[in-house]
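# Observations on the model geometry
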Amino acid sequence: VEEAENRETQDQDGYWLEDDSRPLKEIPLPMQGKRAVRDRRQMKIQIISSWESWKKSHLKSLKRFQLEAADVLSRMEVWKSSLHKIEGKFGTGIQSYFNFLRFLVMLNFAMFLLTAAVLVIPNIVFMTVDLQGWTLLNTTGMMENPDSKSGNCSLYNPTQEGLVSFYTYIMDLLSGTGFLELSYLFYGYYKDTDVGLTTAFSYNIPLAYLLTSLFYLLVSLIWLVRRSVQGFKLNLVSSDEALTNYSNKVFAGWDFCIIQEKATQLKHNSIHYELQMDLEEEAIREKIAEWTTRQKFCIYSLRLLLNLLVIGLLGASFFCIYIATQYSQILLNQDSVASSNFFLSLLVQYLPSIVITAANFTMPILFNIIIGIEKYSRTTEIKLTLLRSVFLRLASLGMLLFSLWTEITCAGDMDESDCSGCHYNYRRYPCWETRIGQEMYKLIIFDFITIVVVMLLVDFPRKILVQHCSCKPVQLWGQQEFLVPQNVLDIVYGQTICWIGTFYSPLLPLLNTVKYFIIFYLKKLTLFVNCRPANRTFRASSSNFFFLVVLLMGLILSCVPVLYSIMVITPSKGCGPFRTQQKIWDILPNSIEGLPRVTREFLFFIGSQAFAVPLFVLSCILLFYVVSLAGAYGQRVNLLKAQLQREEQDKHFLVKQIAEMGRANQKNNNNRVSFFSSLMKTVDKP
Amino acid sequence: ICRLHGRYHELAPNIVPMDYTNEPDVKLPIQLIINMPELKENPFKQRIVEAFSEDSQGNLSFNDFVDMFSVLSETAPRELKAIYAFKIYDFNTDNYICKSDLEKTLTKLTREELTPEEVTLVCEKVIEEADLDGDGKLAFADFENMISRAPDFLRYTLVRY
């Protein structure tokens, strides 16, 4: 607290506040001081032009408007009180998971609104309302070559004949076949036509479908990148973690948000645990540095072996996924399975999902065991395990898609008997896009069922067991810990499936929104009822960046199959909006043909090499410039730090010099005094 | 602000007037403030209240009360929070965070569960990391520089009422 005289005119660093134009909010004075500053500022008669004063008042009102708008927006935030409660009881680390889940619900809902508005609702309107003014035109597309063998390609009839049993309805709901197959849910239902709304304007369904899907992916990308830039900046600033580890924990370690007594005890414990872990890790690091060459050799060869083991395990699980997918696809096409036992057919339908989920459950356990043997430091352990889990999840999805691709395109071999006619396997997949959409739909449903079942059958009984059985091993096992990384990987996996599947099934974002909405409440329930807070807390800032990076990886992974099927694979001839085209992408050049000449030329120019190559070179130059600028700033920071230290040393040196000179002066004075006094004495002596 | 005044009034209904037009000089003693639910569990509650009180004894007038909550709110800028955090951690109020201040901070953080050697070790490490000018204690400049690299500082110094 400042002394009274200094309070009014100086702050801690000695800045004179009268000339300072910092906003009042930032001045570190108590209220009296701020009021005095404000009065003094208002009293100062400034000669400014009327333009300046108008600009100033305008800026002030703009700022006030911005503040009010931000206030209103924050009040409209969904689930704000729930997040606040979680923060108070479990800290900001776990709250960041729920924040992330809320962001995904918003994202999915916005995407659903986009696809619904542009694609689904117009189609529903066109189908149900049959106005005279609207004419259904046929698109221009490559007409079928009538004497090719492809007459069979457009055979597609998924509706079922005869009496349909009740079981079949449930089966259809769970696997997207039957009455769901020929509905707005899947690609196959959309028509291949232009709808002429007025004489000048027509709604081109295929074009709308393609553009919506691409736009959807683009918007997700932009939104994600915007959100992760902030986290990236923070990460860059605190990048040298080793240098600020302890001070960070001591000064920024206490979470002022926590207000419950039990939670504070846990926070104390966690800080204590973290500091102890750090000290232990320091000791381990020193021990590692002292390893002999022989020990190093042993450990490195062990690590190499274990890494090969991990790769082997991953390869084995991918192979299982491949086999399971192929097997289920073969079995699905045999009628014997369809009419047999309900559970058996359900099992066959869900076989790929079951295998993927089983792999995602068992592999992390094995990874945990393996990493224990590898003897890394704790932070490296955590990072490596996380990396392996992320890779497993995303790559298993990729593997499923790859095995589907080999089925659909006969492994790329167009001369095989099944594929030669239509360039895709028309016998098994009369409408392959719908089939992929169905697989994604099944994955999402199975993922949701898994989460619910795990919660019911593992978390709740565990808690009941721990509460009522007081034997030692059960108490040691303890209540479930809310593991943030695993839960985040679960929802990123679900979101990736949604991104992949939206092209083939436009209503998937709606399904995902509902799914994540329910999961939010379920996870909140399980958190409050079953879980105890972890011993190691997950740091909120680094975790935000980690979530977004993994989500970005999922988005990039999901772009690959969608773009591949748009550009390379022949669309099904029997269904969907692109049935008359050679490639799905062809609709774009065809539509551009219809545009006025100038626009057409401009668009062609942008797509040509004459534009792309200079753009690429320019981007590279810009990149190099920015990177070198960052390096220069880093060097400058180091120089300034060294200069600061030198100045302090100079200060010490000067202080010492002054003290010595003062002492020397004192001695001189004493000498002079004694000289004069002795002179006086000799003068006095007569 | 009305909500804050409501909370301030709740702490001592007999002393705190509802009407401030006469600018009465009312201060609440530190004991009442420390027992507020938002601050009760905070190990630094004593230092927080002392840092915001005019007479550094911990007695807060309503102005000081509002100051405290405004600095600990979401909208306060980082520099302001850093200035007051420095005051909070400076136990002996000499405008430097010296080794004894650090030791007291650490004890309060871990509720005396660390052994004395560990405490000394951690304090040495903190000074080693944060002290730029090499005088063995942290001036405000060192503290601010270190806080600017702590990503969770803003999120953690938050008290909601």
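Reading the values: the criteria
Residues numbered from 1 in each chain as written. Chains lettered and ligands numbered in written order. Predicted model: local features only at pLDDT ≥ 70, side-chain atom pairs only at ≥ 80, totals over all residues. Heavy atoms only, no water. UniProt positions renumbered as here; feature names shortened; annotations may be inferred. Disulfide = S-S within 2.5 Å. Helix = DSSP H or I, 4+ residues; strand = E, 2+ residues; numbered from the N terminus. Buried < 20%, exposed > 50% of the residue type's maximum accessible area, 1.4 Å probe, protein only. Arc of directions from axis to C-beta. Domains from an automatic or database assignment. Contact = heavy atoms within 4.5 Å. Buried area = accessible area lost by both parts, 1.4 Å probe. Salt bridge = Lys/Arg side-chain N within 4 Å of Asp/Glu carboxyl O. Polar contact = N/O pair within 3.5 Å; in protein donor to acceptor, adjacent residues only side chain to side chain. Nonpolar A, V, L, I, M, F, W, Y, C, P; charged D, E, K, R; others polar.

Per an unreviewed UniProt entry, chain B carries the name Calcium and integrin-binding family member 2 and comes from Latimeria chalumnae.

The name an unreviewed UniProt entry assigns to chain A is Transmembrane channel-like protein, from the organism Latimeria chalumnae. Listed under Sequence similarities (unreviewed entry) in UniProt, the entry text for chain A is "Belongs to the TMC family." Quoted verbatim from the Subcellular location (unreviewed entry) heading of the UniProt record, the comment on chain A is "Membrane".

This part is about the state of the cysteines. Going through the model one piece at a time under the given rule, you end up with one disulfide over all chains. Unpaired in this structure, Cys498 of chain A has its nearest cysteine sulfur neighbour in Cys559 of chain A, at a distance of 13 Å. Cys98 of chain B takes part in no disulfide bond, and the closest cysteine sulfur, belonging to Cys123 of chain B, lies 10 Å away.

As a further point, take the environment of Leu275 of chain A. Mapped onto the fold, Leu275 of chain A is located in helix α9 (residues 261-289). In this structure the C-alpha to C-alpha distance between Leu275 of chain A and Leu548 of chain A, which are 273 residues apart in sequence, comes to 28 Å.

Along helix α9 (residues 140-148) of chain B, the residues classified as buried are Phe140, Asp142, Phe143, Met146 and Ile147 of chain B. Take α9 of chain B and look down its axis: the buried residues cluster within an arc of 160°, on one side only.

On to the domain arrangement of chain B. Residue and element names in this part refer to chain B. Along its sequence, chain B is carved into domain 1 (1-72) and domain 2 (78-157). A separation of 26 Å is found between the C-alpha centroids of domain 1 and domain 2. Contacts between the two partners involve nine residues from domain 1 and, on the opposite side, 14 residues from domain 2. Note on domain 1 versus domain 2: buried area summed over both sides is about 1,100 Å², and carbon and sulfur give 71% of it. Contact with domain 2 buries surface across domain 1, with Phe44, Arg47 and Val71 losing the most and accounting together for 57% of the total. Taken together, the connections running from domain 1 to domain 2 amount to zero salt bridges. The interface formed by domain 1 and domain 2 contains four residue pairs in polar contact (both at pLDDT 80 or more). Broken down by element, the residue count for the side of domain 1 that touches domain 2 peaks at four residues, all from helix α4 (residues 45-52). Taken together, the residues of the side of domain 1 that touches domain 2 break down into seven nonpolar, no polar and two charged.

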